[in-house]
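Listed below are the residues making up each chain.
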Amino acid sequence: METTAKDRTEIESRKVSSGKRRLIGDRGSHFLKRMEGETGANIAACYQCERCTNACPVSFYMDVKPHQVIRFVQLGWREELLRSATIWVCLSCEMCTTYCPNEVAVAETILHLRSLAAQSTIAPREKQLAVFHQTFLDELQRFGRVNEAWLMAALNLKPGILKEKMRSGQLKTEIELGLTLWRKGKLKLLPKRCEAIKEIRDLYRNRQGDRS
Amino acid sequence: MKLAFYPGCSLEGMANDYARSILAVFNHLDITLVEIDDWSCCGATAAHSLSEKMAVVLPARNLAAAEIMGLDIVSPCANCFNRLLFSKAMIQKKIFDVPWTVTGSIQVHDMTRFLARPDMVERIEARVRKPLKGLKVVCYYGCQMVRPPRLTGFTDYENPMTLDRLATAAGAKVLDWSYKTTCCGASIGIGRRDIQESLTARLLEKARQTGAEAVVVSCPLCQVNLDLMQRDKASGHLPVFYFTELLRLAFEAENGSAEWFRMHIADPVPLLRAKDLLL
Ligand code: SF4
Ligand code: SF4
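Residues numbered from 1 in each chain as written. Chains lettered and ligands numbered in written order. Predicted model: local features only at pLDDT ≥ 70, side-chain atom pairs only at ≥ 80, totals over all residues. Heavy atoms only, no water.

Caption draft 1: Focus on the nonpolar core. Residue and element names in this part refer to chain B. Formed by 71 residues in total, the largest nonpolar core has its most connected members in F26, L115, I124, Y140, V215 and F243. Among the elements that make up this core, the one with the highest residue count is helix 11 (residues 243–251) (six residues). Three or more residues apiece are contributed to this core by two domains, here domain 1 (2–112) and domain 2 (129–274). Residues contacting V215, with those up to four places away along its chain left out, are V138, Y140, A207, L226, L238, P239, V240 and F241. (Core = buried A, V, L, I, M, F, W, Y, C linked by side-chain atoms within 4.5 Å. Buried < 20%, exposed > 50% of the residue type's maximum accessible area, 1.4 Å probe, protein only. Helix = DSSP H or I, 4+ residues; strand = E, 2+ residues; numbered from the N terminus. Domains from an automatic or database assignment. Contact = heavy atoms within 4.5 Å.)

Caption draft 2: Region of interest: the site of ligand 1. Taken together, the neighbourhood of ligand 1 is formed by 13 residues, with C46, C49, E50, C52 and C100 of chain A sitting nearest. A breakdown of the residues in the shell around ligand 1 according to their chemical character gives eight nonpolar, three polar and two charged. (Near = heavy atom within 4 Å. Nonpolar A, V, L, I, M, F, W, Y, C, P; charged D, E, K, R; others polar.)

Caption draft 3: Molecular detail of the pattern of salt bridges. Residue and element names in this part refer to chain A. The full count for this structure, using the stated rule, is 23 salt bridges over all chains. Two residues, R34 and E38, come together in a salt bridge whose shortest N-O distance is 3.2 Å. Linking R34 with E38, this pair stays in helix 2 (residues 29–39), spanning four residues, or about one helical turn. Judged by relative accessible area, which is 32%, R34 ranks as partly exposed. Taking relative accessible area as the criterion, E38 reaches 24% and is therefore assigned partly exposed. (Salt bridge = Lys/Arg side-chain N within 4 Å of Asp/Glu carboxyl O.)

Caption draft 4: Inspection of the sheet that holds strand 5 (residues 136–139) of chain B at higher detail. Residues and elements named next belong to chain B. The four strands lie next to each other as 6-5-7-8, forming an open sheet whose pairing is parallel. The open sheet has two free edges, formed respectively by strand 6 (173–174) and strand 8 (240–242), since each of these has just one partner strand. In the sheet, strand 7 (residues 214–217) pairs with strand 8 via three bridges, with the strands oriented parallel. Looking at the pairing, V216 lines up with F241 of strand 8. Its contacts with the sheet put helix 11 on strand 7 and strand 8, and the angle it makes with strand 8 is roughly 75°. (Pairing = 2+ DSSP bridges. Axes fitted to C-alpha atoms, helices over the stretch in contact; angles between N-to-C directions.)

Caption draft 5: View of the environment of A274 of chain B. All names here are of chain B. Relative to the assigned elements, A274 resides in helix 12 (residues 269–274). Exposure remark for A274: the relative accessible area of 66% places this residue in the exposed category. Sequence spacing of A274 and S21 is 253 residues, and the spatial spacing of their C-alpha atoms is 22 Å.

In structure tokens form, the structure reads like this:
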């Protein structure tokens, strides 16, 4: 049987909200207002044309498609969004935002959800990606610059990462990639430290003070 | 002419060859690049993934340093370029407290766009000693350099031409293709290599179908991503050049050496020799 785009949206959104059919989230339009305020994206302007999803190079890998992300925000479905793989899989390639006829900042919305998820207690659906971003910032705090070899080493030392990579066989590929890079002289072992590293560490100390 | 140079972390590590070719090219063009003193990382994807504040303040330190130097910044990395511009725009909105003074007095240039200005192209053409005749390439821009257009200022974001113009100035034959700005997926290579490889493989396949013998890029992440994909011979062979490598080759043809390309995974030397562009 053929399903129309509309059916697809409904079926998928029902699946994501774990079988329960809810019209509006607990927080109602409160979440929408908050998201609009924090991202400056006019999320309410979306009319579900799906152009964002059609432009997205990785929508195939997303559980909540870009146009559904916007719809979910309108409905106040915060939890579903923070639990989704979408917010981690998104590449920030900005195809969606660029092609939205209503100038909805879709990519910025997804990114903001990602940072909300990182600050929440919800376990990220793509753990490795979440840990990777955190490791990157940790390395930046150590040196002021980021060295690729050290970044990878530090990532592997994070709890659970190496074990997961061994299980999935990813470790083998990674060693192979590392060796290729090494042979080509692309890995530099000695990281460079910024002289004014203290300035950067101070930033980290104040990072929670967010909006002025 | 003087510019503030913000190399970015990649150019100290994986893209060290890019850095060397840039310095050589600017030297030939009589433009002095002054590296921003004690620059720090822009935060890349990680900062804006986890904390919007960090995505604004991390690049700001470098903007402030360039303002003190009084020089416009030129950025070779698409991601750094995007992040610097983002920070500059957000500082003007005054949403976050920034510990450095950034007045917005200096410009941030993407390196390809700066060099593709008509006066610069003229300068380049005047310096070319051996045009890269017969080399068929496609130019790949990726996403961060052109999008979102309201930030990057690219008006031809669907069909950007900066790299095309530069590769043409170097004498190469630039082919038209539809994948100039399709994302290569570098940002999730760690964590979801499966997704990244499906995106990268498609780009290489399309480039080959177009009849290209090489790809020209300006982003260090795109380069290593497209290049690493070809680590085993079975996945084909399509060298991925930084545009400055081609310019340098055209500028100093007789001194060209295989040594310049030793960091490439898909080795371009046989191709260049076959075209009589390298000894
Ligand atoms: S392209 Fe814009 S209007 Fe259309 S579905 Fe996506 S966000 Fe909504
Ligand atoms: S920014 Fe994210 S959601 Fe938007 S098109 Fe790119 S990958 Fe898809």
